[in-house]
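A structural walkthrough
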Amino acid sequence: MEREEESAMASVGIVMGSDSDLPIMAKAAEVLDELGISYEMNVISAHREPQEFFEYANAAEEKGYKVIIAGAGKAAHLPGMCAAIFPMPVIGIPMKTSDLGGVDSLYSIVQMPTGIPVATVAINGGANAGILAAKILATSDAALLERLKGYSANLKQQVIEKDARLQELGYKEYLKQQ
Ligand code: RP5
C-alpha cells in the first residue's frame, strides 16, 4: 500500500446500531475531531441487516481502521460482533435506554466471553470512548500523545479555575451563577 494512500485512510471506525444513537456517538467524534484523528461514521444494524454488518466488519481491517468504536442499545450485540471479527481493539458504548435505563445495553456489551474483549465505557460514555481510542492510537504516534497530554492539562486547568472561583465566591454565590 502506498504511504499517501495509507495516511488518507481513517484510523477509527465509529459505528452505531441506529441513528437514535447518534447524539452519543457524536461525542466520540467530537473528541477525535479535536485531537485530529481521522474516522468514518456509519449506522449499521447487526440485527436488522446482518449481511451488511458482516461486510462492514470483514472490511474494517483492510480499510485501515486501528480501533472501532461501536455503540448500541438494548440487546446490544453490535460491539461484541465487531470484536468477534475485527482483530484490533473494539470500544463499546452502551446506550441509555427508556425501559431498563441502559443496564441492558451495558450488560450486553461488557459480558463478553474470554478471548473476545470489548473495552466497555460507561452508559452514554461517548466522549470517553473517543479519548480511549485516541490513547490506543497514541501508543504508536508521538505527536498524538503530545496532543493528548495537552487535552489532560486543559482538564486539570479547568478544575483549578473552578476551585479558585469557589474560593472567591463561596458556594452559595457560585451556585447562583452556574
Ligand atoms: C439498537 O437498538 C440500537 O443501537 C439502538 O440503541 C436501539 C434502538 O434502535 P431504534 O429502535 O431506535 O432504531 O440496535
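Residues numbered from 1 in each chain as written. Predicted model: local features only at pLDDT ≥ 70, side-chain atom pairs only at ≥ 80, totals over all residues. Heavy atoms only, no water.

1. A closer look at the site of the ligand
Here is the rule: Throughout this document, a residue counts as near a molecule or strand when at least one of its heavy atoms sits within 4 Å of that molecule or strand. Two N or O atoms count as a polar contact when they lie within 3.5 Å, although within protein this holds only if one can serve as hydrogen donor and the other as acceptor, and sequence-adjacent residues are included solely when both atoms are side-chain atoms. In this count, Pro and Cys sit with the nonpolar residues alongside Ala, Val, Leu, Ile, Met, Phe, Trp and Tyr, while Asp, Glu, Lys and Arg are called charged and the others, Gly among them, polar.
Surveying the vicinity of the ligand reveals the residues G17, S18, S20, D21, R48, A72 and G73. With respect to the ligand, the side chain of R48 contributes an N or O atom lying 2.9 Å from an oxygen atom. Measuring from an oxygen atom of the ligand, one finds a backbone N or O atom of G73 at 3.1 Å. Looking at the shell around the ligand, its residues break down into one nonpolar, four polar and two charged.

2. Regarding the side chain of D21
Our working rule: By definition, any uninterrupted DSSP run of H or I lasting at least four residues is a helix, any uninterrupted run of E lasting at least two residues is a strand, and each is numbered from the N terminus. Each residue's exposure class comes from its accessible area (1.4 Å probe, protein chains only) as a fraction of the maximum for that residue type: buried when under 20%, exposed when over 50%, partly exposed otherwise. When charges are tallied, Lys and Arg are placed among the positive residues and Asp and Glu among the negative ones, while His and the ends of the chain are skipped. Take a side-chain nitrogen of Lys or Arg and a carboxyl oxygen of Asp or Glu: if they are within 4 Å of each other, that pair is a salt bridge. Only heavy atoms enter the contact rule, under which two residues are in contact if any of them lie within 4.5 Å.
One can find D21 in the loop between β1 (12-16) and α2 (22-34). Buried and unpaired, D21 has no salt bridge, with R48 as the nearest side chain of opposite charge at 7.9 Å. A polar contact of 3.2 Å, which involves the side chain of D21, links it to the backbone nitrogen of G17. The contact partners of D21, leaving out residues within four places of it in the chain, are M16, G71, A72 and M95.

3. Things to note about the environment of K135
Structurally, the position occupied by K135 is in helix α6 (residues 126-138). On the basis of relative accessibility, which here comes to 47%, the residue K135 falls in the partly exposed class. Residues K135 and A26, 109 residues apart in the sequence, show an inter-C-alpha distance of 18 Å.

4. Topic: the packing of aromatic side chains
Inclusion rule: Centre distance within 6.5 Å is the pairing criterion for rings of Phe, Tyr and Trp, where only the six-membered ring of Trp is used; planes under 30 degrees apart are then read as stacked, over 60 as edge-to-face, and the remainder as tilted. Counting as a charge over the ring demands two things of the Lys NZ or Arg CZ atom: a distance within 6 Å of the ring centre and an angle within 35 degrees of the ring normal.
Taken as a whole and judged by the stated rule, the model has two aromatic pairs. With a centroid separation of 6.2 Å and an interplanar angle of 55 degrees, the aromatic rings of Y56 and Y65 are classed as tilted. A relative accessible area of 0% means that Y65 is categorised as buried. It is R165 that lies over the ring of Y174; its NZ or CZ is 5.6 Å from the centre.

5. Section: the domain arrangement of the chain
Note the following rule: Domain start and stop positions are those given by an automatic or database domain assignment. For any pair of parts, buried area is found by adding up, for both, the accessible area (1.4 Å probe) each one loses once the two are put together.
On domain assignment, one finds that the chain holds domain 1 (3-140) and domain 2 (142-178). Look at where the C-alpha atoms of domain 1 and domain 2 centre, and you get two points 29 Å apart. Contacts between domain 1 and domain 2 engage eleven residues on the former and six residues on the latter. Note on domain 1 versus domain 2: buried area summed over both sides is about 730 Å², and carbon and sulfur give 71% of it. One can count zero salt bridges joining domain 1 with domain 2. Put simply, domain 1 and domain 2 have one residue pair in polar contact (both at pLDDT 80 or more) between them. At the level of secondary structure, the elements contributing two or more residues to the side of domain 1 that touches domain 2 comprise α2 and α6. Element by element, the count of residues in the side of domain 1 that touches domain 2 is highest for α6, at five residues. For the side of domain 1 that touches domain 2, the per-class residue count stands at seven nonpolar, two polar and two charged.

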